[in-house]
Amino acid sequence: MYMRAVCRFLILLSVMVSGVVKSAAQDAMPSRVTPVMPMARVEIPEHLNPGLAVDLENPASFLYPEWSNSYVHNYDNVKLPDSVIISMKGYCMPTDSTYITDKFGYRPRRGRQHMGLDIRIKTGDTIRAAFDGKVRISRYERRGYGHYLVIRHPNGLETLYGHLSKKLVAENDIVHAGDPIALGGNTGRSTGPHLHFETRILGNAINPALMFDFPHQRAQTDFYVYEKNTRAVYYKVKSGDTLSGIALKNETSVSSICRLNGISSNAVIKPGQTLRVR
Ligand SMILES: [Zn+2]
């Protein structure tokens, strides 16, 4: 068995060597010369440079101009780059639960967008930091996220953990991927213990399932590329609005709005309802 493998290797080697000799001989003949294309230079974004020391005191300063504990997702005055490469390196699953109870996106029953992923847990289950980072927000919202945390990470993401029963970290604390940051719960607008998990770039919510595969407890990818032009745009329905009117106003089509929201073209739309238009 071993000898056969060695033989196979030697045959392969001789084929390779003869190949080299042959192409060298061919190179001597001008008519056979193949032009050598310069290797494409891959631009590595500065923040992904492996030699760069990670500044956890000031995470992702290449994207976020300031550090503030005052707002949750208000970045209207910050210019979003055309694309951002998010490295999943060093990630940790925030919970070991594999059960998704609500997906990201439009909820027809409630007529609004769900900006995160809901994962079933038991009250008291450990919630862990998804990446190294710094805790930006620790707050309580009775009608919303309940007890929640927002962490900013050096890869450009901000992660949000909602409906917690107990927080184990405070604002401006430095955390490492996998650190217990809270205990899961059922606080705020919640009908049962679950983790509401959001991933955002400069306030723009991205479907966490594109990066974190909870059912298999692994990352979906090594690098997630966020493209600005795939950024979702939402419209709040006003009284008197029709689907065709909304389509016209937002330079899109009724069929496209229906597809994005999972509704039919004769669906009843109500004032106050949010529709994704792009
Ligand atoms: Zn949720």
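Caption draft 1: Inspection of the overall build of the chain at higher detail. A tally of regular secondary structure across the chain gives three helices and 19 strands. Looking at the chain as a whole, 27% of its 278 residues are labelled buried. Contacts spanning at least 24 positions in sequence make up 65% of the contacts within the chain whose residues lie at least 6 apart.

Caption draft 2: Looking closely at the nonpolar core. Counting 38 residues, the largest nonpolar core has L149, Y161 and I181 as the members making the most contacts within it. If you list the elements that add at least two residues to this core, you get β1 (83-87), β5 (117-120), β8 (146-152), β9 (158-164), β12 (180-183), β13 (194-201), β14 (204-206) and β17 (223-227). Tallying contributions element by element places β8 first for this core, with four residues. Not counting the four nearest positions on each side in its chain, L149 is found in contact with V135, I137, S138, Y161, L164, K167, V169, I181 and A182.

Caption draft 3: Quick look at the confidence of the model for the chain. Of the residues in the chain, 79% reach a pLDDT of 70 or more, and the chain-wide mean stands at 83. Segment residues 1-31 is flagged for pLDDT under 50; beyond a separation of four residues in sequence, or across chains, it makes two contacts in the model.

Caption draft 4: Summary view of the environment of A247. Residue position: A247 is located in helix α2 (residues 243-249). When the C-alpha atoms of A247 and V277 are compared, they prove to be 7.5 Å apart, with 30 residues separating the residues in sequence. Residues in contact with A247, not counting those within four places in the same chain, are T252, S253, V254 and I257.

Caption draft 5: View of the sheet that holds strand β10 (residues 166-167). Across the sheet, which stays open at both edges, the three strands sit in the order β6-β12-β10 with antiparallel pairing between neighbours. With one partner strand each, in any of the chains shown, β6 (126-128) and β10 form the two edges of the open sheet. Here β10 pairs with β12 via two bridges, running antiparallel. Opposite K166, over in β12, you have L183 as the bridge partner.

Caption draft 6: Representation of unusual backbone geometry in the model. Of note, the phi angle at L202 is positive, near 45 degrees, even though the residue is not glycine. Position of L202 relative to the elements: it lies in the loop between β13 and β14. The exposure class assigned to L202 is partly exposed, which follows from the 19 C-beta atoms found within 10 Å. In this structure, Q217 takes a positive phi of about 55 degrees despite not being glycine. By secondary structure assignment, the location of Q217 is in the loop between β15 (212-213) and β16 (218-219). Classification of Q217 by C-beta neighbours within 10 Å gives exposed; the count is 12.

Caption draft 7: Seen up close, the pairing of β5. Where strand β2 (residues 100-102) lies against β5, two bridges are found, and the strand directions are antiparallel. Along β5, the bridge assignment pairs D102 with D118. In the sheet, β5 pairs with β13 via four bridges, with the strands oriented antiparallel. The residue of β13 that forms the bridge with I119 is L195.

Caption draft 8: Broad picture of the environment of F223. Inspection of the secondary structure assignment puts F223 in strand β17. When near neighbours in sequence (up to four residues on either side) are disregarded, F223 contacts I85, I86, S87 and M88.

Caption draft 9: Spatial organisation of the environment of H147. Relative to the elements of secondary structure, H147 occurs in strand β8. Counting along the chain gives 18 residues from H147 to S165, while the straight-line C-alpha distance between them is 6.7 Å.

Parameters at a glance
- Residues numbered from 1 in each chain as written.
- Predicted model: local features only at pLDDT ≥ 70, side-chain atom pairs only at ≥ 80, totals over all residues.
- Helix = DSSP H or I, 4+ residues; strand = E, 2+ residues; numbered from the N terminus.
- Buried ≥ 20, exposed ≤ 12 C-beta atoms within 10 Å, placed from the backbone.
- Contact = placed C-beta atoms within 7 Å.
- Core = buried A, V, L, I, M, F, W, Y, C linked by C-beta atoms within 7 Å.
- pLDDT = per-residue confidence, 0-100.
- Pairing = 2+ DSSP bridges.

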